[in-house]
Amino acid sequence: MSHKIVVPIGPYHPLQEEPEYFRLYTEGENVVDIDIVLGYVHRGIEKLSESKHFDQVPYLVERICGICSNSHPFAYVNAVEDLAKIEVPERALYIRTIIAELERLHSHLLWIGLAGHFIGYNTVWMWAWRYREPVLDMFEMITGNRQHYAMMKVGGVRRDILETDVPLLKKTLDELAPAADMFKGAVMDDPVIHARLKGIGVLTKEQVIEWCVVGPTARASGVDIDVRRDDPYGVYDKIDWNVIVQKEGDVFAKAVVRILEMYESISIIRQCVDKMPKGEIDANVKDVPAGEGIGHVEAPRGECFHYVRSDGTNRPVRHKIRAPSYVNVASNKVACVGGTISDAAITLAAVDPCYCCTERTAVIDRQTDKKILNGWDLVRLSQEKTQRLKK
Amino acid sequence: MSLKINALTKSLWVFHAACSPCNNCDIEILDVLTPRFDAERFGIVLVGSVRHADVLLVTGVPNMKTKDTIKALHAQAPKPCLVVAVGGCACGRVMFRDSYNSPCDLDEIIPVDAYIPGCPPKPEAILAGVIKLINKVKGKE
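Residues numbered from 1 in each chain as written. Chains lettered and ligands numbered in written order. Predicted model: local features only at pLDDT ≥ 70, side-chain atom pairs only at ≥ 80, totals over all residues. Heavy atoms only, no water.

1. Some details on the overall build of chain B
Per the secondary structure count, chain B includes five helices and five strands. In sequence order, the secondary structure elements of chain B are arranged as α-β-α-β-β-α-β-α-β-α. Over its C-alpha atoms chain B spans a radius of gyration of 14 Å, differing by no more than 12% from the 14 Å that the globule rule assigns to 141 residues. Reported as C-alpha extents along the three principal axes, the dimensions of chain B are approximately 45 × 30 × 30 Å. A total of 141 residues make up chain B; the buried ones form 58% of that total. Long-range pairs, those at least 24 residues apart, make up 83% of the contacts in chain B with a sequence separation of at least 6. (Helix = DSSP H or I, 4+ residues; strand = E, 2+ residues; numbered from the N terminus. Rg over C-alpha atoms; globule rule 2.2 N^0.38 Å. Buried < 20%, exposed > 50% of the residue type's maximum accessible area, 1.4 Å probe, protein only. Contact = heavy atoms within 4.5 Å.)

2. So, the interface of chain B and chain A
Taken residue by residue, the interface counts 41 residues in chain B and 48 residues in chain A. Counting each side, the surface lost to burial between chain B and chain A is near 3,800 Å², with a carbon and sulfur contribution of 63%. Inspection of the region where chain B meets chain A yields six salt bridges. Put simply, K122 of chain B and E140 of chain A hold a salt bridge, and the shortest N to O gap is 2.5 Å. (Buried area = accessible area lost by both parts, 1.4 Å probe. Salt bridge = Lys/Arg side-chain N within 4 Å of Asp/Glu carboxyl O.)

3. Comments concerning the domain arrangement of chain A
Annotation of chain A at the domain level lists domain 1 (42-334) and domain 2 (361-391). Placing a centre on the C-alpha atoms of domain 1 of chain A and another on those of domain 2 of chain A gives a separation of 33 Å. (Domains from an automatic or database assignment.)

4. Examining unusual backbone geometry
Residue and element names in this part refer to chain B. Note that the residue after K79, namely P80, is joined by a cis bond; omega there is 0 degrees. Tracing the chain through its elements places P80 in the loop between α3 (66-76) and β4 (82-86). With an omega of -15 degrees, the peptide bond between C119 and P120 qualifies as cis. When you line up the elements, P120 lands in the loop between β5 (114-116) and α5 (123-138). Even without glycine at this site, N23 takes up a positive phi of about 90 degrees.

5. Considering the nonpolar core
With 121 residues, the main nonpolar core has Y76, L102 and L105 of chain A as its most contacted residues. Tallying contributions element by element places helix α4 (residues 90-118) of chain A first for this core, with 16 residues. Setting aside residues no more than four positions away along its own chain, L105 of chain A makes contact with V135, L173, L176, M262, S265, I266 and I269 of chain A. Judged by nonpolar contacts, the second largest core, of 21 residues, contains V50, A53, A77 and C81 of chain B. (Core = buried A, V, L, I, M, F, W, Y, C linked by side-chain atoms within 4.5 Å.)

Structure, rendered in structure tokens:
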């Protein structure tokens, strides 16, 4: 190996909003290796969750990530409903699906904008975020907040979609479809974007399977997985829609998957609004019995998995969260290597990383490679802090 | 009004530092810069390095790993550097107060000039907060 130069990116850098640290090992222009250092956004949510009761946890898990702030509570309520065998009213399932798809719309528009920003095409950024605003207005109309919708509740949803909201929702979707057409044209027919994104950051099908990549990143490499179809939750089994799969595996394919998924989302919301029955929106759950349950949803970034164990009290004994970005970010280790430094920016961003979802922490002594802080030490730290707070 | 303050408040360049947020305040900060709210008409521009910044927008609860980096970041900024805590977490840690990985409040690490509460604060609130900060620096009420 000849002389290697290390290019550090982060933890505070203009590329992405969140703190994270990449060490690019380069030879000339080419990236030969990459280190990914995470842990800047670790807040101990799994441990905090054990101190909240079942109805408070959606509020907490919503704040794992601001962009997937419906997916995490959705997966959590699926897990608790699996645990307690709760029948959810059908109208609530439709409302959940509508909110989940609106979230996918806003998340994909956000990514397209940021991807444009990363390749220096700020016009796309400004456009995408301008068309994202009506989606946020819909959230504000239905849930009362632009982000952090607080719709999920064990056994149902917190708010109904009013009859008076439906016409405006439909009108917004009608206006969004031409915008999606424009993006399709702007991205898929633009020679500059072709030149910049095609053949960059390629993940082959074998690599995707080997690195356990999920979501649009995997679907762009020809791996046909989607939780919404493979293990339906909400009302996805009653709706007519398609899983978008592309074969190439480069950044361009990832962009195409996300743009085409926007059309599917618009179609799903339209069908849900039309088919939505009248009735209750809440099953009024009183107790959660002992047991364990799992729930997963297809977040905009991939499969989001929650495991909840209860001992019959009003708090979860264990709440395990597996977020999609955690597995996707690791795949940069193969996607970035072989490219140039200038392509690294968009390749790192192509998995739509969301470090807030992701963070795990372990403190390691670099001399001996021994863990200084492990899981039990964190529990001890937490107990010490509780003791301090009690004083 | 001194020349220095006049020059500082004429066109604020902001740098956006995330302590350990949930990403929402960061998105709303970017939202403020995009066409609907368009903070650039007030001369507010997002810059890539803290060494060019007049204002540090901090989001999220400081954790064990970021509390040192945020202090280093503030030390690198040219003075006077105004610090704005955006969102409930940066203002007072809200429910992450009980977490084992949240050692202290943001204002125990660096001096904070303005607090914008909310989870997340709406873009209008962020704009209003920044304008109040400008008036405060100018000595107006």
